[in-house]
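# Architecture and fold: a report
These are the residues of each chain, in order.
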Amino acid sequence: MADASFDAVLIGGGVNGLILGNYMARNGMKVGIFEKNPELGGALCSHSTPAAGFVGNPCADMIGWWRSPVYTDFQLHERGLEIIFPEAIM
């Protein structure tokens, strides 16, 4: 894929890659984000665990979205992001 289709290419569609890619696109750049896993989101993604019926997060990333400029800059709450606070954090 050696062409000039993108102004920037990001390797990894985790949290930071998605945030950076969105800011770059917001500023007029054509951005390609390439991720090896079947879904984007990195440490924010949950997966089935060895215990039947349970879902877990092997990367368990704690991110203060409600305080992040990303949350307001991209109106993530209006786009369907729902922040769920568990009763017990740890």
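Residues numbered from 1 in each chain as written. Predicted model: local features only at pLDDT ≥ 70, side-chain atom pairs only at ≥ 80, totals over all residues. Heavy atoms only, no water.

### With respect to the pairing of strand E1 (residues 8–11)
Burial along E1 is one-sided: Ala8 and Leu10 are buried, and none of Val9 and Ile11, which face the opposite way, are. Of the pairings in the sheet, the one linking E1 to strand E2 (residues 31–34) comprises 4 bridges and is parallel in character. Bridged to Leu10 within E2 is Ile33. Once the chain exits E1 it traverses helix H1 (residues 15–26) before rejoining the sheet at E2, and the crossover so formed is right-handed. (Buried < 20%, exposed > 50% of the residue type's maximum accessible area, 1.4 Å probe, protein only. Helix = DSSP H or I, 4+ residues; strand = E, 2+ residues; numbered from the N terminus. Pairing = 2+ DSSP bridges. Right-handed = clockwise from strand over helix to strand, strands pointing away.)

### Some remarks on a nonpolar patch on the surface
On the surface, Phe6, Val9, Ile11 and Phe34 cluster together to form a nonpolar patch covering roughly 390 Å² of accessible area. When you line up the elements, Ile11 lands in strand E1. (Patch = residues over 30% accessible without salt bridge, like charges linked within 9 Å, V, L, I, M, F, W, Y side chains within 5 Å. Areas by Shrake-Rupley, 256 points an atom, 1.4 Å probe, with all protein chains shown as cover. Salt bridge = Lys/Arg side-chain N within 4 Å of Asp/Glu carboxyl O.)

### A few points about H1
Relative to the 16 Å expected for 12 residues at 1.5 Å per residue, H1 spans 17 Å between its end C-alpha atoms, a close match to the ideal helical length. On the buried face of H1, the contacting elements are E1 and E2. Downstream of H1 by one or two residues, Gly28 has phi in the positive range, about 90°. (Expected span 1.5 Å × (residues − 1). Contact = heavy atoms within 4.5 Å.)

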